[in-house]
Amino acid sequence: MKYANLSAAGIVALLCLGGCDNAKPPQTVADDAAAAAQKASANVAEAQQEASKDNAKMQAQVDDKAGALNNTQAKGAYDVAMKQAEGVHDVAGERCKAAAGDAQRACKDQADADYDVAKAKAKATEISRTQP
C-alpha cells in the first residue's frame, strides 16, 4: 500500500513535469500576450496618473513657498524703505533747526510731507510685490 501511494504520486509528478514543456496553441499565446500588453498599458497609465497627482501636489507646495518668499522679500524691502525714510526725515529735521521762526516751521512741514510721501511709496511698493 505504501508503494502504491508512492508510485501514484510519482506518476502524477511525471505527468505535471511532462506538461510544462508543451507549447501552447498560437491563439492562446496571442490572447495571453494581448492580455499582458493591456495590463501593462493599464499599469503605465495608472503610474502616470499617480505621478501627475504627485507633481501637482509638489507644484502647489512650491507655489506656496514661492509666495511666502515673495511676501517676505516685500516686507523686508518695506522695512528698509521705512528706515531710510525715517533717517532722511530725522536728518531733515535736524537741518531745519538752523532756521528760525516761519522758515523753520516751513522746513519741518516740508520734511514731514516728504516723509509721508516716502511712507506711501514704501507701502505701495510692498502691496504691489505681495501675493494674496
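Scope of this entry: the structure provided in the associated data block.

What counts as what
Residues numbered from 1 in each chain as written. Predicted model: local features only at pLDDT ≥ 70, side-chain atom pairs only at ≥ 80, totals over all residues. Heavy atoms only, no water. Helix = DSSP H or I, 4+ residues; strand = E, 2+ residues; numbered from the N terminus. Buried < 20%, exposed > 50% of the residue type's maximum accessible area, 1.4 Å probe, protein only. Contact = heavy atoms within 4.5 Å. Areas by Shrake-Rupley, 256 points an atom, 1.4 Å probe, with all protein chains shown as cover. Disulfide = S-S within 2.5 Å. Salt bridge = Lys/Arg side-chain N within 4 Å of Asp/Glu carboxyl O. Phe/Tyr/Trp six-rings, centres within 6.5 Å; stacked < 30°, edge-to-face > 60°. Lys NZ or Arg CZ within 6 Å of the ring centre and 35° of its normal.

### Let's talk about the overall build of the protein chain
When helices and strands are counted, the protein chain shows 3 helices and 0 strands. In the protein chain, the succession of α and β elements from N to C terminus is α-α-α. For the protein chain, the residues scored as buried account for 8% of the 132 residues in total. If you take every contact in the protein chain between residues at least 6 apart in sequence, the share linking residues at least 24 apart comes to 72%. Only carbon and sulfur atoms are counted for the fraction: they give 60% of the accessible area of the protein chain, which is about 10,400 Å².

### A few points about the state of the cysteines
Tallied over the entire structure, the rule returns 1 disulfide. Note on cysteine connectivity: Cys96 is disulfide-linked to Cys107, with sulfurs 1.9 Å apart. For the disulfide bridge between Cys96 and Cys107, the dihedral angle about the S-S bond is near -75°, and by the sign convention the bridge is left-handed. Separated by 11 residues along the polypeptide, Cys96 in helix α2 (residues 26-96) and Cys107 in helix α3 (residues 101-129) bring together distant segments of the chain.

### Let's talk about the pattern of salt bridges
Evaluated as defined, the whole model comprises 8 salt bridges. Note that Asp32 and Lys24 form a salt bridge whose closest N and O atoms lie 3.5 Å from each other. Here Asp116 and Lys119 are joined by a salt bridge, their closest N and O atoms 3.8 Å apart. Pair noted here: Asp116 and Lys119 are both in helix α3, with a separation of 3 residues, about one helical turn. Taking relative accessible area as the criterion, Asp116 reaches 43% and is therefore assigned partly exposed.

### Things to note about the packing of aromatic side chains
For the coordinates displayed, the defined rule picks out 0 aromatic pairs. Above the plane of the ring of Tyr78 lies Lys123, whose end atom (NZ or CZ) is 5.3 Å from the centre.

### What to know about the side chain of Glu126
With respect to the helices and strands, Glu126 occurs in helix α3. Judged by relative accessible area, Glu126 falls into the buried class, the value being 10%.

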